[in-house]
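The lines below spell out each chain.
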Amino acid sequence: MPHSKILDYPNVRLQGTIEVPGDKSISHRSIMFGAIAKGKTTVSGFLLGEDCLSTIDCFRKLGVEIDVEGTNVTINSSGIHEWKEPKEVLYTGNSGTTTRLMLGILAGTTLHTVMTGDDSIGKRPMRRVADPLRLMGAQIAGRDNGQYTPLAIQGTQLKAIDYTMPVASAQVKSAILLAGLQAEGTTIVREKEVSRDHTERMLKQFGGSVTVDNGVVSIEGGQKLTGTHVNVPGDVSSAAFFLVAGAIVPNSEITLQNVGVNPTRSGIIDVLEKMGAQISVQIEDENAAEPTATITIQSSQLEGTTIEGDIIPRLIDEIPIIALLATQAKGKTIIRNAEELKVKETDRIVAVVTELQKLGANIEATEDGMIIEGPTKLHGGQLKSYGDHRIGMTAAVAALITDTPVELDDADCIAVSYPTFFEHVNALVH
Ligand code: S3P
């Protein structure tokens, strides 16, 4: 049973330095590539969140040897062709990335597999991945005409496709690229708006090749990958909660170390700067496979802004916390072109608008986003997380500025991406 939590932070300020845990997207991919590749892969800075542990569990069921010691992971694999057919269902928990990317990987094996996840996964659209994979020859069956989990996959020889993405989605792009790795010919994915490129970057780390030119990604089938070392930077999507907290809690200054600042993910930094936040970004290693930075933020006078177009995929996971940020900014903030929020762990437009309204925010839903008018003094209340980690953390950051406590129905779901979230809140609260 989920535990409710009283969040009571009267008159606090935030002060100090933290290192947010490893990037969720990169942690998933490190296991996937380590399992596909032949040889030993070592990973440092791995995120021990529930989603990434689901990925590990699935690959163990496929016979891949994976050892976890703290945030260091070692993967020993004889390569994708040596995986064994699992006797059990592969359980992907709450993780869309695990479910969708694995669909692309498993489609090109010789194995029969069945995948399912929790209630939230059971509602998330899978045809956006299964349909292009079917064009490659994949044999995938699923509930409700192939749309939802449980999914059954009979691995088969795939052929390359040239696919234009109907939605901006790194999960769809990555699933096709991972399938393309096993397919005959050159698979091409065309993106109108660039989504996160961790798959493309990591493929190169494992000795593979992929070309990216003006939104056109090409991958040759039949490539052999070799085990390597992957260093996972801190997750900018987790850092976002503390960047916003630092900006909206009075008299605060927070430093976040080792934050991944891959340009396909760093839209939150652009938004904070545009809204007038006191933020400094010190790039540490620009030439790393995934660049990192130390970021410092101080309490700030904020102005409303419009967030739309091709920045949306660069901050899609940060929109719940950006909505809270906007409640403290002067004027109107408009978020458009963000309909993808409706098919995340929960409908995040409904969830964010409903919960922030309960605290007195001036926020309304639109067809493809939301409109927020600020600044508003927020009060406490009883909030729901909808079992969604990012809604849970948005509620917790809101509680730092409410004049009375917030009661959050399920704080445990935060462990999906940030198991040490409340330890970090407590370390910063003064
Ligand atoms: C992810 C891609 C995004 C993001 C999710 C992780 C990934 O989803 O929302 O949290 O690791 O590829 P979409 O690609 O569906 O937008």
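Residues numbered from 1 in each chain as written. Predicted model: local features only at pLDDT ≥ 70, side-chain atom pairs only at ≥ 80, totals over all residues. Heavy atoms only, no water.

Q: Before we move on, can you summarise the sheet that holds strand β3 (residues 38-44) with the specific residues and values?
A: Spatially, the four strands line up as an open sheet ordered β4-β5-β3-β14, and their pairing is mixed. Bordering the open sheet on either side are β4 (65-69) and β14 (229-231), each of which pairs with just one other strand. This sheet shows a mean twist of 15° between the axes of neighbouring strands, independent of strand direction. Summarising the sheet, β4 and strand β5 (residues 72-78) pair through five bridges and their orientation is antiparallel. Bridge pairing in β5 links V68 to V73. This element, helix α1 (residues 24-36), spans β3, β4, β5 and β14 of the sheet and lies at about 25° to β5. (Pairing = 2+ DSSP bridges. Helix = DSSP H or I, 4+ residues; strand = E, 2+ residues; numbered from the N terminus. Axes fitted to C-alpha atoms, helices over the stretch in contact; angles between N-to-C directions. Contact = heavy atoms within 4.5 Å.)

Q: Help me get a handle on the sheet that holds strand β23 (residues 406-408), residues and values and all.
A: With respect to topology, three strands assemble into an open sheet ordered β1-β23-β22, the strand pairing being mixed. For this open sheet the edge positions go to β1 (5-7) and β22 (381-383), each flanked by a neighbour on one side alone. If you compare each strand with its neighbour and ignore which way they point, the axes differ by 25° on average. In the sheet, β1 pairs with β23 via three bridges, with the strands oriented antiparallel.

Q: Could you give an account of a negative patch on the surface, naming the residues involved and the relevant values?
A: A contiguous patch of negative charge, built from E19, E284, D285 and E286, is present on the exposed surface. Mapping E284 onto the fold places it in strand β16 (residues 278-285). (Patch = residues over 30% accessible without salt bridge, like charges linked within 9 Å, V, L, I, M, F, W, Y side chains within 5 Å. Areas by Shrake-Rupley, 256 points an atom, 1.4 Å probe, with all protein chains shown as cover. Salt bridge = Lys/Arg side-chain N within 4 Å of Asp/Glu carboxyl O. Lys, Arg positive; Asp, Glu negative; His and termini not counted. Charge placed at Lys NZ, Arg CZ, Asp CG, Glu CD.)

Q: Describe the packing of helix α10 (residues 319-327) against helix α11 (residues 348-358), with residues and values.
A: Geometrically, a packed helix pair is captured by the angle between its two axes and the distance between the axes. Running from N to C, α10 and α11 cross one another at 35°; their axes reach a closest spacing of 10 Å. In this structure, α10 meets α11 at a crossing whose hand is right-handed. Contacts from P320, A323, L324 and T327 in α10 reach R348, V352 and L356 in α11. Split by residue class, the contact of α10 with α11 holds five nonpolar, one polar and one charged. (Left-handed = near helix turned anticlockwise from the far one by under 90°. Nonpolar A, V, L, I, M, F, W, Y, C, P; charged D, E, K, R; others polar.)

Q: Which residues make up the UniProt feature "domain: Enolpyruvate transferase" (unreviewed entry) in the protein chain, and what are the values?
A: Residues given the UniProt feature "domain: Enolpyruvate transferase" (unreviewed entry) here are residues 12-424. As annotated, residues 12-424 comprises 30% helix and 26% strand, and the C-alpha atoms at either end are separated by 14 Å. (UniProt positions renumbered as here; feature names shortened; annotations may be inferred.)

Q: I'd like a description of the pairing of β3, backed by residues and values.
A: The pairing of β3 with β5 spans six bridges and is classified as antiparallel. Across the sheet, the residue bridging to K40 is N76, located in β5.

Q: So, the UniProt feature "binding site: 3-phosphoshikimate" (unreviewed entry) in the protein chain: which residues are in play, and what are the values?
A: In this structure's numbering, the residues bearing the UniProt feature "binding site: 3-phosphoshikimate" (unreviewed entry) are K24, S25, R29, S169, Q171, D317 and K344. In this fold, Q171 is placed in helix α6 (residues 170-180). Each residue touching Q171, except ones within four places of it in the same chain, is listed here: G96, T97, R100 and L101. A polar atom in the side chain of Q171 sits 2.8 Å from the side chain of T97. Inspection of the secondary structure puts D317 in the loop between β18 (306-307) and α10. In this structure D317 comes out as buried when scored by relative accessible area, which is 10%. Residues contacting D317, with those up to four places away along its chain left out, are R196, S237, K344, R348 and R390. In terms of polar contacts, D317 uses its side chain to reach the side chain of R196, at 3.3 Å. (Polar contact = N/O pair within 3.5 Å; in protein donor to acceptor, adjacent residues only side chain to side chain. Buried < 20%, exposed > 50% of the residue type's maximum accessible area, 1.4 Å probe, protein only.)

Q: I'd like a rundown of the packing of aromatic side chains, residues and numbers included.
A: Each aromatic ring pair is described using two quantities: the centre-to-centre distance and the angle formed by the ring planes. Under the counting rule described, the total for this entry stands at six aromatic pairs. Measuring from centroid to centroid gives 5.6 Å for F33 and F206, while their planes differ by 25°, and the two rings are stacked. Of this pair, F33 sits in helix α1 while F206 sits in the loop between α7 (198-205) and β12 (210-213), and the two are 173 residues apart along the sequence. Of the residues examined, F33 reaches a relative accessible area of 1% and is grouped as buried. Taking the centre distance of 5.4 Å and the plane angle of 75° together, the rings of Y418 and F421 count as edge-to-face. Taken individually, Y418 and F421 each receive the classification buried, so the pair is uniform in this respect. Here the aromatic cluster, defined as three or more aromatic residues joined through ring pairs, consists of F242, Y418, F421 and F422. Its end group placed over the ring of F422, K5 keeps NZ or CZ at 4.4 Å from the ring centre. (Phe/Tyr/Trp six-rings, centres within 6.5 Å; stacked < 30°, edge-to-face > 60°. Lys NZ or Arg CZ within 6 Å of the ring centre and 35° of its normal.)

Q: Kindly report on the nonpolar core, identifying the contributing residues and their values.
A: Counting 78 residues, the largest nonpolar core has M370 and F421 as its most contacted members. Of the residues forming this core, the biggest block, 10 residues, is contributed by helix α8 (residues 236-248). The next biggest cluster of nonpolar side chains, apart from the first, holds 61 residues, and it includes I75, I176, M202 and L225. (Core = buried A, V, L, I, M, F, W, Y, C linked by side-chain atoms within 4.5 Å.)

Q: Lay out the site of the ligand with the relevant residues and their values.
A: By nearness alone, every residue bordering the ligand is listed as K24, S25, R29, T97, A168, S169, A170, Q171, R196, I316, D317 and K344. For the ligand, an oxygen atom lies 2.9 Å from a polar atom in the backbone of Q171. In the environment of the ligand, an oxygen atom lies 2.7 Å from a nitrogen or oxygen atom belonging to the side chain of K344. In isolation the ligand has 380 Å² of accessible area, and contact with the protein removes 95% of it. Secondary structure elements with two or more residues in the shell around the ligand: α1 and α6. Of the residues forming the shell around the ligand, the biggest block, three residues, is contributed by α1. Its residues assigned to classes, the shell around the ligand shows three nonpolar, four polar and five charged. (Near = heavy atom within 4 Å.)

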